[in-house]
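Notes for the structure review
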Amino acid sequence: MNTGVSTVTANSLHLSGSLMVAAAVVLFLAAHVNDNYSWVDRSWSILPVVYTWIQIYYTHHEHGGTPTNTSFSAGVSPISAAALYGFVITVWGCRLTFNFFRRGGYSRGSEDYRWNYVRTWRVFAHHPAIWTLFNFAAISLFQTWLLWAITLPVMQFSAAPATAKEVVFAAVMLALIVLEAVCDEQQWRFHQAKGRALGQSPYCYGFCVTGVFGYSRHLNVFCEGGIWVMLAVAAQCCGAGSLASWQWIGCVVLEALTLFSTAVITEKLSAEKYAGYAIYQSITPMLLPAISSTTDEVLFQLESKRIWKSDEKRSPQK
């Protein structure tokens, strides 16, 4: 028993990895028993914060607060580099948790609409056993692993005071988090106002093309990926050593997953629901922001083709 505990707690990789496996099993059982497949979604903003602070605890514990590859005189921050990035990731988690909460994500029975669509795929619709296997392997285990993998670069940060370079990288991450919060707020206000302004432009079209969404159809998704890429780049440039290939894999896989889910699922469902969404797709970039806003051009095209919310078809823009 003691040997098992000692093995699990031997280092941050063992402890956080063991927690990841346990979380995957619990989330799989919760999804299977409740026939609701958004349990990983409910933990999406929480688990990476936990994994991050486990890494930070071991960094400080192992080095006793002493510097690794940088001197105290080089530090410009009153806190360590590891703790600085821990606070940034905690801010990320708080923002995402709040937005998920106000959208009803923690409500009983709430589920991401995309899982209903995925369950209609022929391979799952006629084979419940395959869906159960998919729930375990892809929804529960893979996604929980991904939430663990994106935090692995934190292991590279020192227990010494953060340097100017580390502060700059952290500031860029915070800027991306703030921009993502702006996206959340504008999307929230648009959909809140949509029900009160029936027939009025731009609400009559059903999807938001104003503000930041005049630059990118999914600027929030772009910022989300950028945050974790920036974390890995910061660890590579400022950490105790070069990142190993397995420490890069989290942000790389996250980028691939978000690109797939956005391009193949979210965009398809939005185009099926909103008659004018194809016009928006043809003018405004999906992820990488345009240099100037496309809002005026999109609204002009929508108005000229006399497309209204009454033409709405089937599932929400996200």
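These lines cover the structure that appears in this document, whether it is placed above or below. (Residues numbered from 1 in each chain as written. Predicted model: local features only at pLDDT ≥ 70, side-chain atom pairs only at ≥ 80, totals over all residues. Heavy atoms only, no water.)

**Topic: the packing of aromatic side chains**
One pass over the structure, following the stated rule, counts 18 aromatic pairs. Ring geometry for F124 versus W131: centroids 5.2 Å apart, planes at 75°, classification edge-to-face. Each member of the pair, F124 as well as W131, carries the same accessibility label: buried. Feature note: the residues Y37, Y117, W121, F124, W131 and F134 constitute an aromatic cluster, connected by ring pairs. R42 extends its terminal NZ or CZ atom over the ring of W39, reaching a point 4.7 Å from the ring centre. (Phe/Tyr/Trp six-rings, centres within 6.5 Å; stacked < 30°, edge-to-face > 60°. Buried < 20%, exposed > 50% of the residue type's maximum accessible area, 1.4 Å probe, protein only. Lys NZ or Arg CZ within 6 Å of the ring centre and 35° of its normal.)

**Description of the side chain of Q156**
In this fold, Q156 is placed in the loop between α8 (128–149) and β2 (161–163). At a separation of 3.1 Å, a polar atom in the side chain of Q156 contacts the side chain of Q247. With sequence-adjacent residues up to four places away left out, Q156 is seen in contact with A235, G239, A240, G241, S242, L243 and Q247. (Helix = DSSP H or I, 4+ residues; strand = E, 2+ residues; numbered from the N terminus. Polar contact = N/O pair within 3.5 Å; in protein donor to acceptor, adjacent residues only side chain to side chain. Contact = heavy atoms within 4.5 Å.)

**A look at the pattern of salt bridges**
Scanning all chains against the criterion turns up 10 salt bridges. A salt bridge links R95 to E224; the nearest nitrogen and oxygen atoms lie 4.0 Å apart. Highlighted residues: R95 in helix α5 (residues 81–102) and E224 in helix α10 (residues 219–238), separated in sequence by 129 residues. According to the relative accessible area criterion, R95 is buried, its value standing at 10%. Among the salt bridges present, the one from R119 reaches E111, with a minimum N-O distance of 2.7 Å. The network of salt bridges with common partners includes R95, E180, D184 and E224. (Salt bridge = Lys/Arg side-chain N within 4 Å of Asp/Glu carboxyl O.)

**What to know about helix α13 (residues 295–304)**
Among the residues of α13, those classed as buried are T295, V298, L299 and L302. Take α13 and look down its axis: the buried residues cluster within an arc of 95°, on one side only. Residues D296 and F300 are exposed on α13 and point more than 90 degrees away from its buried face. Summarising the contacts, the buried residues of α13 are in contact with α12 (277–283). Where α13 terminates, the next one or two residues include R306, which has phi positive at roughly 55°. (Arc of directions from axis to C-beta.)

**Some details on the state of the cysteines**
All told, the structure shown has 0 disulfides when counted by the stated rule. In this structure C208 is a free cysteine whose sulfur lies 9.5 Å from that of C183, the closest cysteine sulfur available. Here C208 falls in the buried class, since its relative accessible area comes to 1%. C237 supplies the cysteine sulfur nearest to C238, a cysteine that is in no disulfide, at a spacing of 5.8 Å. On the basis of relative accessibility, which here comes to 9%, the residue C238 falls in the buried class. (Disulfide = S-S within 2.5 Å.)

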